Amino acid sequence: MDTLNYINNGHGLASWLLTKDHKRIALLYLVSITFFFFLGGLFAFMIRLELLTPAGDVLTAENYNKMFTMHGVVMVFFFLIPSIPAVLGNFLIPIMIGAKDLAFPRLNLISWYIYVLGGIFTLVAALSGGVDTGWTFYTPYSTAAANSHVITAALGVFITGFSSILTGLNFIVTIHRMRAPGLTWFRLPLFVWAHYATSLVMILGTPVIAITVLLVAAERVLHMGIFDPALGGDPVLFQHLFWFYSHPAVYIMILPAMGVISEIVQAFARKNVFGYSFIAFSSLAIAIIGFLVWGHHIFVAGQSVYAGMLFSIISYIVAVPSAIKVFNWTATIYRGSISLDSPMLYAFGFLGLFTIGGLTGLFLAAMGLDIHMHDTYFVVAHFHYIMVGGAIMGYLGGLHYWWPKITGKLYSEPAAKLAAGLVFIGFNLTFFPQFLVGYLGMPRRYHMYPPEFQVFNVMSTLGATILSVGYLLPMFYFVHSIFRGKPSPADPWGAKGLEWEVPSPPPTENFAVTPIVTHGTHQYAPSKEVGVV
Amino acid sequence: MFTNFPFFPQQASAQAGQVDAIYFFMVAVTAFFSILIAGLVVYFAFKYRRRHRDEIGHAIHGSLALELLWTVIPFFITMVMFVWGAKVFFDMYRPPAGAMEIHVVGKQWMWKVQHMDGRREINELHVPVGRPVKLIMGSEDVLHSYYIPDFRVKADVIPGRYNVLWFTATRPGNYHLFCAEYCGTKHSGMIGTVTAMEPADFQAWLSGGRADESPVAAGEKLFADLTCNTCHLTDTQGRGPMLTNLFGKQVELQGGGTVTVDEAYIRESIVLPQAKVVAGFQPLMPTFQGLVTEEQLLQLIAYVRSLSQQGEAPGAAPQSPTMPQSSSRPVVEKK
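Residues numbered from 1 in each chain as written. Chains lettered and ligands numbered in written order. Predicted model: local features only at pLDDT ≥ 70, side-chain atom pairs only at ≥ 80, totals over all residues.

Student: Could you clarify how one ought to interpret the overall build of chain B in this entry?
Tutor: For chain B, the count of helices and strands is 6 helices and 12 strands. By the compact-globule yardstick of 20 Å for 335 residues, chain B is too spread out, its C-alpha radius of gyration being 27 Å. Taken along the three principal axes of its C-alpha coordinates, chain B extends 95 × 55 × 35 Å. Burial statistics for chain B: of 335 residues in total, 39% are counted as buried. (Helix = DSSP H or I, 4+ residues; strand = E, 2+ residues; numbered from the N terminus. Rg over C-alpha atoms; globule rule 2.2 N^0.38 Å. Buried ≥ 20, exposed ≤ 12 C-beta atoms within 10 Å, placed from the backbone.)

What follows is the structure, given as structure tokens:
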């Protein structure tokens with residue numbers, strides 16, 4: 001009696017594990033990254049528990065160091081980097097451009113298996129005793145001193161990198177070659193532009209981190225002198241190589257979130273975006289300029305002062321396109337028809353938190369100020385405002401926005417609003433005090449700390465508790481919606497875009513007839529042009 | 001329970017005020033734009049709330065004037081931040097001539113300090129107020145970072161090279177010393193106290209306690225114990241270059257090029273003697289890697305330097321021409 005869609009078209013484990021449907025692969029990713037998200041969250045909670053008191057009393061120093069290392073590795077490489085592209089991008093890009101699938105469906109499935117293989121290596125590293133190098137794997141500690149499972153964890157990062165590269169490749173080819181007739185570049189949804197820019201960074205940056213962790217393994221196992229001065233190497237060389245990828249990696253996390261926010265703001269203001277081409281090109285500008293700022297991570301590592309100045313000025317320049325986006329989103333809601341549904345609440349949360357996260361980045365790009373702030377909790381707070389306040393808010397906003405499309409079911413809106421509120425409050429309570437304690441001088445990665453920092457840490461831990469409730473709630477109402485939720489119509493929000501014109505959930509082939517596009521997305525106001533045929 | 005929790009670090013060095021000034025400027029800019037964006041979002045969300053189900057927004061596609069406005073204004077604000085930040089960095093980067101030198105060696109998980117008159121400390125640092133102090137820092141094992149929050153100064157301590165940190169303490173008192181670069185299990189235990197004292201108190205402290213030999217004297221002794229003096233003669237060229245009056249000079253290298261004889265070059269020549277051989281000499285010298293500790297290296301360097309500055313008081317050594325903050329890299333990869 002049900003109409004055939006991608007979910008009921010084929011049953012049994014094999015029909016999922018061997019699927020080439022981008023929508024099913026997106027769900028495979030959804031399940032696996034959700035697992036890693038809660039695993040990384042568990043590590044974070046152990047950190048916050050330890051820091052409730054100044055003394056090192058909950059965990060041993062060794063285990064504490066492993067907790068923050070595993071938290072960073074899991075969250076960065078196995079949650080944040082794949083989150084929006086591999087789940088929402090995978091599901092939506094073909095539909096948004098009127099295609100039946102990605103350009104390389106088999107490659108897409110292989111990417112997921114590679115991701116899982118990398119994840120298994122990391123899990124093995126965690127279960128067999130953990131890693132204690134920090135997610136940054138700084139040398140010579142990681143190659144000469146650490147006694148933990150560095151190689152296993154590094155291989156996990158190495159392997160999962162290929163998943164990223166192949167996904168980026170798949171997206172770029174798909175966006176170039178598979179757009180529906182009439183879907184010109186400047187009619188593309190901004191979500192697609194953001195993923196195009198992200199894919200460029202994935203393809204160009206990820207090989208560098210792969211090479212770098214291989215060199216770490218080579219030095220650790222074969223004692224090749226690359227980074228360790230005792231073997232004739234240079235430890236700061238590692239920092240250059242590491243940040244050459246890992247700074248652009250921040251843009252891999254935030255650019256897709258920006259794409260999500262562009263879609264949500266338009267949908268819930270029922271209005272096309274303000275300054276489309278400025279938002280589209282600012283994504284490309286961020287992706288390209290973002291490759292030239294890595295040196296701002298090593299101002300106090302003895303880098304040449306002139307190199308430092310160059311990295312500082314470029315870091316300021318890369319802030320401008322982000323500012324342009326924020327102003328354009330704000331201008332978009334001017335004279336809109338604004339509905340505060342849960343995705344829009346996440347988008348507003350993003351706007352506030354990303355603004356603070358971006359502006360506090362300006363503090364750290366000021367060389368003279370960075371001397372004091374480098375490696376303190378101010379840095380920790382700053383990048384969590386970007387990665388959690390920005391990227392995760394974007395991810396959750398997108399998940400709420402497209403959930404009815406993905407599952408064909410409606411979730412409980414009051415529960416979702418409550419979760420969005422808890423996440424916003426919990427997040428700020430967790431991380432805002434860290435700006436203050438950071439300026440006071442509390443270094444990051446400290447198992448014990450002087451007692452005068454305690455009040456800020458207690459606030460952080462309290463905030464983290466609220467935040468984790470906010471993150472757990474969607475697990476309940478999302479799962480509940482799958483079994484008990486009301487069926488969703490094709491377009492539950494009254495939004496525009498090709499994805500809202502196909503049924504919820506979409507059929508396996510997405511479109512019975514390839515659509516012909518005659519205007520950009522999110523065109524709400526009556527226009528002389530005709531709509532999608 | 002929380003009777004003593006400050007919200008702002010003390011300003012206890014000459015540099016602290018400069019750093020805080022940028023900080024306050026940044027806080028003001030951040031507060032202005034955060035409140036602006038949040039205020040507009042909340043105001044618009046209320047003013048333009050959806051009033052009936054099928055309402056749609058106005059079609060507004062953009063405005064070039066506005067786009068230029070909010071491109072140019074942030075650009076200029078960030079350029080002010082850049083110039084200001086770079087200026088403060090420059091001021092904090094160059095130690096003034098005549099700064100009091102102190103040797104610091106970081107190792108897992110302690111800070112070892114030696115003053116020029118020989119007095120040693122562990123996890124403590126005593127300095128006089130009102131006088132520039134220059135720390136010459138090396139590491140015995142992994143990366144560390146010497147951080148005094150109340151002075152607003154920090155520099156990574158990197159194995160295989162020397163980094164310099166300088167400050168002028170302004171207020172007597174005890175201040176936190178932290179290792180800021182993750183260095184292994186007891187990273188958070190690699191902390192200590194910096195004590196700033198009135199100059200007279202500092203002199204009293206320096207002459208009290210058990211003073212070891214000065215680094216120069218210890219270095220001279222090492223120079224003999226390791227039989228460096230059989231090749232590096234003091235009055236004539238032996239199998240190795242004569243070291244008298246060599247420090248700070250440029251020397252020609254075998255195979256072309258020149259190098260300035262500074263701390264980094266001397267260190268490299270002891271640890272990796274084949275890396276840069278002075279023209280006219282054979283690459284005969286064996287490596288002393290593993291035979292001398294980081295502290296002994298600093299003592300040997302202090303001795304070699306003393307051969308070029310006879311008559312000057314230790315601790316008031318003139319500024320070396322190129323301290324290896326970065327420009328000269330001591331470690332080169334050799335085939």
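Student: How do you make sense of the overall build of chain A when you look at a structure like this?
Tutor: Counting its secondary structure elements, chain A contains 15 helices and 0 strands. Radius of gyration (C-alpha) of chain A: 23 Å, near the 24 Å computed for a compact globule of 533 residues. Counting only C-alpha atoms and orienting by the principal axes, one finds that chain A spans roughly 70 × 45 × 45 Å. Here chain A holds 533 residues, and the buried ones make up 65% of them. In chain A, the proportion of contacts linking residues at least 24 apart, taken out of those at least 6 apart, comes to 84%. (Contact = placed C-beta atoms within 7 Å.)

Student: Help me out: how do you make sense of the packing of helix α13 (residues 377-407) of chain A against helix α14 (residues 413-440) of chain A in this one?
Tutor: Two quantities define a packed helix pair, namely the angle between the helix axes and the distance between the axes. Residue and element names in this part refer to chain A. For the pair α13 and α14, interaxial distance at closest approach is 8 Å and the crossing angle is 170°. Accordingly, the angle class assigned to the pair α13 and α14 is roughly antiparallel. Taken as a pair, α13 and α14 cross one another with a handedness that is left-handed. Within the contact between the two elements, α13 uses Y377, F378, V379, V380, A381, H384, Y385, V388, G389 and H400 and α14 uses A416, F427, F431, Q434, F435, V437, G438 and Y439. Tallied by class, the residues present in the contact of α13 with α14 amount to 13 nonpolar, 5 polar and no charged. (Axes fitted to C-alpha atoms, helices over the stretch in contact; angles between N-to-C directions. Parallel < 35°, antiparallel > 145°, perpendicular 65-115°, else oblique. Left-handed = near helix turned anticlockwise from the far one by under 90°. Nonpolar A, V, L, I, M, F, W, Y, C, P; charged D, E, K, R; others polar.)

Student: Got a minute to help me understand the interface of chain B and chain A in this structure?
Tutor: By a widely used convention, the size of an interface equals the accessible area lost when the partners come together. Taken together, the contact pairs 85 residues of chain B with 82 residues of chain A. The set of elements that each furnish at least two residues to the side of chain B that touches chain A consists of α1 (16-47), α2 (64-93), β6 (144-148), β7 (153-157) and β9 (173-179) of chain B. Here the element with the most residues in the side of chain B that touches chain A is α2 of chain B; it accounts for 18 residues. Here the side of chain B that touches chain A is built from residues that sort into 49 nonpolar, 23 polar and 13 charged.

Student: Help me understand the domain arrangement of chain B in this model?
Tutor: Residue and element names in this part refer to chain B. The domain architecture assigned to chain B consists of domain 1 (9-44 + 94-212) and domain 2 (215-306). In this structure, domain 1 and domain 2 have C-alpha centres spaced 31 Å apart. Tallying the contact residues gives 12 residues for domain 1 and 7 residues for domain 2. Contributions of two or more residues to the side of domain 1 that touches domain 2 are made by β1 (100-107), β2 (110-115) and β5 (132-139). The biggest single contributor to the side of domain 1 that touches domain 2 is β5, with 3 residues. The residue inventory of the side of domain 1 that touches domain 2, partitioned by class, reads 4 nonpolar, 5 polar and 3 charged. (Domains from an automatic or database assignment.)

Student: How do you make sense of the sheet that holds β9 of chain B when you look at a structure like this?
Tutor: One key point about sheets: their strands pair by backbone hydrogen bonds, in either a parallel or an antiparallel sense. Residue and element names in this part refer to chain B. Strand order across the open sheet formed by 5 strands is β4-β10-β9-β6-β7, with mixed pairing between neighbours. The sheet is open, and its two borders are formed by β4 (124-128) and β7, each paired with just one other strand. Adjacent strand axes in the sheet meet at a mean angle of 20°, parallel and antiparallel pairs treated alike. Here 2 bridges tie β6 to β9, and the two strands are oriented antiparallel to one another. When the bridges of β9 are listed, Y147 appears paired with F178. (Pairing = 2+ DSSP bridges.)

Student: Whenever I open this one, the environment of F5 of chain B confuses me. Can you help?
Tutor: Mapped onto the elements, F5 of chain B comes out in the segment before α1. In this structure, F5 of chain B is in contact with E452 and V455 of chain A, ignoring residues within four places of it in sequence.

Student: Sorry, what's going on with unusual backbone geometry here?
Tutor: Keep in mind that most residues, glycine aside, have a negative phi and that most peptide bonds are trans. In the segment running from T139 of chain A into P140 of chain A, the intervening peptide bond is cis, with an omega of 0°. Tracing the sequence through the fold places P140 of chain A in the loop between α4 (105-127) and α5 (141-145). At R270 of chain A, a residue that is not glycine, the phi angle is positive and equals roughly 45°. Secondary-structure assignment places R270 of chain A in the loop between α8 (235-269) and α9 (276-289). If you check the backbone angles, N245 of chain B has positive phi at about 55° while not being a glycine. With respect to the helices and strands, N245 of chain B occurs in the loop between α4 (215-225) and β11 (250-252). By C-beta crowding, N245 of chain B is classed as exposed, having 11 other C-beta atoms within 10 Å.

Student: Looking at this model, I keep getting lost on the sheet that holds β1 of chain B. Mind explaining?
Tutor: Residue and element names in this part refer to chain B. Read from one edge to the other, the open sheet built from 5 strands follows the order β3-β2-β1-β5-β8, with strand pairing classed as mixed. Only two strands of the sheet have a single partner each, and these edge strands are β3 (120-122) and β8 (163-168). For this sheet the average axis-to-axis angle between neighbouring strands, irrespective of direction, equals 25°. Summarising the sheet, β1 and β5 pair through 7 bridges and their orientation is parallel. Along β5, the bridge assignment pairs M100 with V133.

Student: How do you make sense of α8 of chain A when you look at a structure like this?
Tutor: Three- or four-residue spacings in an α-helix give side chains the same orientation, since the helix completes a turn every 3.6 residues. Residues and elements named next belong to chain A. Taking 1.5 Å as the rise per residue, α8 with 35 residues should run 51 Å; its terminal C-alpha atoms sit 51 Å apart, in good agreement. Maximal helix bending in α8 amounts to about 35°, located at W243. For α8, the buried fraction is high: 33 of the 35 residues fall into the buried class. (Expected span 1.5 Å × (residues − 1). Bend = angle between axes of the 7 residues up to and from the residue.)

Student: I'm lost on the confidence of the model for chain B in this one. Help?
Tutor: If pLDDT is low for a region, its predicted coordinates should not be looked at in detail. Residue and element names in this part refer to chain B. Scored by pLDDT, chain B has a mean of 86; 90% of the residues are at 70 or more. In the model, residues 311-335 has pLDDT below 50 throughout and makes 65 contacts with residues more than four positions away in sequence or in other chains. Predicted complex, confidence summary: ipTM 0.91, pTM 0.90. (pLDDT = per-residue confidence, 0-100.)

Student: Help me understand the environment of R131 of chain B, please; the structure alone is not making it clear to me.
Tutor: Residues and elements named next belong to chain B. Structurally, the position occupied by R131 is in the loop between β4 and β5. Each C-alpha atom, one on R131 and one on A14, is 9.9 Å from the other, the two residues being 117 residues apart in sequence. With residues near it in sequence (within four places) discarded, R131 still touches M100, T168 and P199.

Student: So what exactly am I meant to see when it comes to the environment of D156 of chain B here?
Tutor: Along the chain, the position of D156 of chain B falls in strand β7. For D156 of chain B, a count of 28 C-beta atoms within 10 Å translates into the label buried. Put simply, D156 of chain B and M137 of chain B are 19 residues apart on the chain and 8.7 Å apart in space, counted from C-alpha to C-alpha. Not counting residues within four places of it along the chain, the set of residues in contact with D156 of chain B comprises V300, A301 and G302 of chain A together with L143, S145, N163 and E181 of chain B.

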